[in-house]
Amino acid sequence: REVNYFQDEWSPQGGFLFMPFGAYSNTMANLLAGAPWSQERGVDLAHQGLRSWEPNVYAQDDWHAKSWLTLNLGVRWETYTPIVDAHNQFANFNMQQLKVLVAGNGTSSSGGVNGDNLDFSPRLGFAANLGHETVIRGGFGYSFYPVVMQTQVENVNPPFSYVCFICFSATFPNLLTPSSDASNPVGTVSSVALDLKNGYVRQFNLFVQKQLGVNSISVGGVGTQGRNGLYLRNNDLPLPPGAGNPTPAYVYAAQLPNVNNIQFVDNSGITNYYAFQAVFFRPTSHGLMFNANYTWSHGLSNSIQSASSTTNSYALITNNPMYDYGNSPIDVRHRLAGSVIYDLPFGKSMNGTGGKIIGGWEAALLGFWQTGVPFTVVDASAAINLPGISSDRPNQAHSAALSSPGINKWFDTSAFKTQATGTAGNEASDSVYGPRARVLNVSLLKNFPVTERFRVQFRGEFFNITNTPSFGLPGNGLTTPSFGIVSSTAGNMVPRQMQFALKLLF
């Protein structure tokens, strides 16, 4: 795999961040006063050509063990070698030595990352015909994947790149100057764990399918367990100081006075997904096709992007990855979906122009209903009292769910309180669920033959035909006026829309 193109991680000319706190509690006031909350800047200082090998081999066999039983057996070996640069323009920050090590200069071409070559993936599947038009199917398997991806591929370090986000050491209007000195790094350095393993996912499922006349029903469960996933923390961030204690300095402030972020990547990421699924399917019969399915599911993870806050990109408690473990940001607990396609019977026996106009129409309905996605309540007072941290999670005394939520108060806001200064809040990640979503779409379709080769298709499509609103997430800022209030509709759900089209088919 070759990756030869990168963009600067942040604005290369730099920028200032003005927030609704600090000198004034108004963003515009802070802008006019020249009182930024922090600065940011990121520049690529070299044209890197990153490389990785991905060899894999597998063996597979389908074994008809019995007349009623088929087994799918297999094993796969694969690996993803550590990232290197074609010309050793790659560096890794070594946590033991507290220094940037450049490839080929006291360290390997991978910056000391050792790689992972023992990734064997067993696969097992089966299908058993039990008679009476009943089949049981199931499977289990491992899949490996590279943990280092997206921005972590580049592993930003001098002398090949420069990142400072979030920075508090510059004075407005002067920005920090990019540093190419690996012996004196500034802002952010990036460290990949030397024993980094490839991530893997365990997947399993078991279903029973029953034929009922022309219809079929399928009921079963699926599960996915992700392990050794990417987990991102700032190793320079100290632990909460405790109630009544002053804000602590960065952990390595004495050894690395110009660094405030040691971006550390390791294998502490965890995901879990479990679901029950039921499907009813009727193939086209007498002009009617029908499909309906229901899913109950629960997703869990310690994803930093959803857990800590909207302004913190790294773990708040650096020595406890499970502090951020909770509901997945895309955890939809219940979902019901269905579709109907019907060849309308009108006009089938009519001849002439009337039959051509009235007959041959097809109608379709497609809709779903699902519960809301979760979110995290955020406290901008950052009572956790850590350097560079502008928001955190507060304490939660009890469930925030209301029996009759409304857009003016979607959840029980009294469940959340700012914790004691210097301590971490006990609110779990993504503990509150937003409004449900639902929609019904309808379409009408008819083909008009013109010649043997040409036909014109008319389509009328009606999205959200009932014009039912699906609301966005409520305000999640603990001390903001909008806390708990829904002030918008969901961004991916539209009001009623109608469109008509003519299409020439040949």
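Look up: the structure comes first, before these words.
A short tour of the structure in this document, coming up. (Residues numbered from 1 in each chain as written. Predicted model: local features only at pLDDT ≥ 70, side-chain atom pairs only at ≥ 80, totals over all residues. Heavy atoms only, no water.)

Some remarks on the pattern of salt bridges
If you walk through the whole model with that rule in mind, you get 6 salt bridges. Arg 76 is the partner of Glu 78 in a salt bridge, and the nearest nitrogen-oxygen pair spans 3.5 Å. What makes Arg 76 partly exposed here is its relative accessible area of 23%. Arg 233 serves as the salt-bridge partner of Asp 266, at 2.6 Å between the closest nitrogen and oxygen. A residue pair is termed long-range when its members are at least 10 positions apart, and Asp 266 in strand β16 (residues 259-285) and Arg 233 in strand β15 (residues 215-234) qualify at 33 residues. In this pair, the class of Asp 266 matches that of Arg 233, namely buried. (Salt bridge = Lys/Arg side-chain N within 4 Å of Asp/Glu carboxyl O. Buried < 20%, exposed > 50% of the residue type's maximum accessible area, 1.4 Å probe, protein only. Helix = DSSP H or I, 4+ residues; strand = E, 2+ residues; numbered from the N terminus.)

Concerning the nonpolar core
Considering soluble globular proteins, one finds that nonpolar side chains tend to be buried as a cluster. Membership of the largest hydrophobic core comes to 27 residues, with the highest contact counts inside it found for Phe 93, Met 95, Leu 196 and Ile 262. Of all the secondary structure elements, the ones that give two or more residues to this core are β8 (91-94), β9 (99-102), β13 (187-192) and β16. Take this core: its biggest share by element is 4 residues, from β16. Ignoring any residue separated from it by four or fewer positions in sequence, one finds Phe 93 in contact with Leu 98, Lys 99, Val 100, Asn 157, Val 189, Ser 190, Ser 191, Leu 256 and Ile 262. Val 377, Phe 411, Phe 416 and Leu 478 belong to the second-largest nonpolar core, a separate cluster that totals 11 residues. (Core = buried A, V, L, I, M, F, W, Y, C linked by side-chain atoms within 4.5 Å. Contact = heavy atoms within 4.5 Å.)

Looking at the sheet that holds strand β12 (residues 161-167)
Spatial ordering of the open sheet is given by β2-β3-β12, a layout of 3 strands whose pairing is antiparallel. On the outer flanks of this sheet lie β2 (15-17) and β12, each paired with one strand and no other. Sheet twist, expressed as the average angle between the axes of neighbouring strands with direction ignored, equals 25 degrees. Here β2 runs beside strand β3 (residues 38-44); their pairing, made up of 3 bridges, is antiparallel. Looking at β3, one finds that Gly 15 is bridged to Glu 40. (Pairing = 2+ DSSP bridges. Axes fitted to C-alpha atoms, helices over the stretch in contact; angles between N-to-C directions.)

Some remarks on a nonpolar patch on the surface
On the surface, Leu 212, Ile 217, Val 219, Tyr 274, Phe 276 and Trp 296 cluster together to form a nonpolar patch covering roughly 470 Å² of accessible area. Secondary structure elements with two or more residues in the nonpolar patch: β15 and β16. By secondary structure assignment, the location of Leu 212 is in strand β14 (residues 199-212). (Patch = residues over 30% accessible without salt bridge, like charges linked within 9 Å, V, L, I, M, F, W, Y side chains within 5 Å. Areas by Shrake-Rupley, 256 points an atom, 1.4 Å probe, with all protein chains shown as cover.)

Description of the state of the cysteines
Per the counting criterion, the structure on display carries 1 disulfide. Bridging Cys 164 to Cys 167, the disulfide has an S-S length of 1.5 Å. Using a relative accessible area of 1% as the deciding quantity, one classes Cys 167 as buried. (Disulfide = S-S within 2.5 Å.)

Digging into the packing of aromatic side chains
Taken as a whole and assessed by the stated rule, the structure comprises 15 aromatic pairs. For the pair Phe 18 and Phe 172, a centre-to-centre distance of 6.3 Å together with 75 degrees between the ring planes defines the contact as edge-to-face. Of this pair, Phe 18 sits in the loop between β2 and α1 (27-33) while Phe 172 sits in the loop between β12 and β13; the two residues are 154 residues apart in sequence, bridging distant segments of the chain. You can call Phe 18 buried: its relative accessible area is 18%. Grouped by ring-pair contacts, the aromatic residues Phe 140, Tyr 142, Phe 144 and Tyr 200 constitute a single cluster. (Phe/Tyr/Trp six-rings, centres within 6.5 Å; stacked < 30°, edge-to-face > 60°.)

Remarks on unusual backbone geometry
Negative phi characterises most residues that are not glycine, and trans characterises most peptide bonds. Following Pro 158, the chain continues to Pro 159 via a peptide bond in cis, the omega torsion being 10 degrees. Position of Pro 159 among the secondary structure elements: in the loop between β11 (134-145) and β12. In this model, Leu 98 sits at a positive phi of 55 degrees, which is unusual for a non-glycine residue.

Overview of the sheet that holds strand β4 (residues 50-51)
Reading across the sheet, the 3 strands line up as β1-β4-β7 and stay open at both edges, with antiparallel pairing between neighbours. Each end of this open sheet is capped by a strand with a single partner; those strands are β1 (2-3) and β7 (84-85). Relative to β7, β4 is paired through 2 bridges, and the arrangement is antiparallel. If you follow Leu 50 over to β7, its bridge partner there is Asp 85.

Points about the side chain of Glu 427
Along the chain, the position of Glu 427 falls in the loop between β23 (416-417) and β24 (432-433). One buried charged residue, Glu 427, remains without a salt bridge, the closest side chain of opposite sign being Arg 393 at 4.7 Å. One polar contact links Glu 427 to Ser 431, side chain to side chain, over a distance of 3.4 Å. (Lys, Arg positive; Asp, Glu negative; His and termini not counted. Polar contact = N/O pair within 3.5 Å; in protein donor to acceptor, adjacent residues only side chain to side chain.)

Some points on the environment of Ser 297
Here Ser 297 is to be found in strand β17 (residues 288-301). According to the relative accessible area criterion, Ser 297 is buried, its value standing at 6%. With 125 residues separating them along the chain, Ser 297 and Gly 422 place their C-alpha atoms 36 Å apart. Residue contacts for Ser 297: discarding those within four places in its chain leaves Tyr 273, Tyr 274, Ala 275, Asp 331, Val 332 and Arg 333. Here Val 332 takes part through its backbone oxygen, which lies 2.7 Å from a polar atom of the side chain of Ser 297.

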